Amino acid sequence: MNWKTATHALKFPITMGEKTIAAITLREPDVEALEAIDELGIEPGKALKVRHMRGIIEALGDAPSEAIGKLHRDDLAALGELLGPLLDGAEAEAAAS
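Throughout what follows, the structure given in this document is the object of discussion. (Residues numbered from 1 in each chain as written. Predicted model: local features only at pLDDT ≥ 70, side-chain atom pairs only at ≥ 80, totals over all residues. Heavy atoms only, no water.)

1. A few points about the overall build of the protein chain
- Assigned secondary structure in the protein chain consists of 4 helices and 2 strands.
- Listing every helix and strand of the protein chain by position from the N terminus yields β-β-α-α-α-α.
- Sequence-distant contacts, at least 24 apart, represent 58% of the contacts inside the protein chain between residues at least 6 apart.
- For the protein chain, the exposed surface amounts to about 6,500 Å²; the carbon and sulfur share of it is 52%. (Helix = DSSP H or I, 4+ residues; strand = E, 2+ residues; numbered from the N terminus. Contact = heavy atoms within 4.5 Å. Areas by Shrake-Rupley, 256 points an atom, 1.4 Å probe, with all protein chains shown as cover.)

2. Notes on the environment of Ala-33
- Structurally, Ala-33 is set in helix H1 (residues 31-38).
- Distance from Ala-33 to Glu-58, taken between C-alpha atoms, is 8.7 Å for residues 25 residues apart in sequence.

3. Overview of the side chain of His-8
- Checked against the element boundaries, His-8 lands in strand E1 (residues 5-16).
- Residue His-8 is classed as buried on the basis of its relative accessible area of 10%.
- Not counting chain neighbours up to four residues away, the residues in contact with His-8 comprise Ala-22, Ala-23, Ile-24, Asp-75, Ala-78, Leu-79 and Leu-82. (Buried < 20%, exposed > 50% of the residue type's maximum accessible area, 1.4 Å probe, protein only.)

4. A short note on the pairing of strand E2 (residues 19-27)
- Two strands pair when backbone bridges link them, and E1 and E2 are joined in this way by 8 bridges, in the antiparallel orientation. Each residue of the ladder has a partner; that of His-8, found in E2, is Ile-24.
- The antiparallel pairing of E1 with E2 creates a hairpin that spans 2 residues between the two strands, and Gly-17 there sits at a positive phi of about 65°. (Pairing = 2+ DSSP bridges.)

5. Section: the packing of H1 against helix H2 (residues 50-60)
- At their nearest, the axes of H1 and H2 sit 9 Å apart, and the two run at 170° to each other. Classified by the angle their axes make, H1 and H2 are roughly antiparallel. Contact with H1, carried on its side by Ala-33, Ala-36 and Ile-37, involves Ile-56, Ala-59 and Leu-60 of H2 and no other residues of that element.
- Split into classes, the residues belonging to the contact of H1 with H2 amount to 6 nonpolar, no polar and no charged. (Axes fitted to C-alpha atoms, helices over the stretch in contact; angles between N-to-C directions. Parallel < 35°, antiparallel > 145°, perpendicular 65-115°, else oblique. Nonpolar A, V, L, I, M, F, W, Y, C, P; charged D, E, K, R; others polar.)

6. Quick word on the nonpolar core
- Grouped together as the largest cluster of nonpolar side chains are 23 residues, with contacts concentrated most on Ile-24, Leu-26, Leu-60, Leu-71 and Leu-83.
- Among the elements of the structure, E1, E2, H1, H2, helix H3 (65-68) and helix H4 (73-96) are those that each provide at least two residues to this core.
- Each residue touching Ile-24, except ones within four places of it in the same chain, is listed here: Ala-6, Thr-7, His-8, Leu-10, Gly-61, Asp-62, Ala-63, Ile-68, Leu-71 and Leu-79. (Core = buried A, V, L, I, M, F, W, Y, C linked by side-chain atoms within 4.5 Å.)

Pasting the structure below:
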């Protein structure tokens, strides 16, 4: 079975040195990603803060942390919308155990 992924083409590509990041691919979480997300201190029922969003994108994404810090807010919002379906399976598994 293949892991679920979602790719977002950045509206505002990020240039880091000689490299340009034009898209970020998010993947469903492995154990390390789940641990990193757990350490963010997200409180159920409360709105996510920007640092929570950044931490989740860093845990699930294929871009370096420095690039995530340079995301335009429109790209951050678009990536945020892609996170739900990738995390839904992980939340269901955690609730079952």
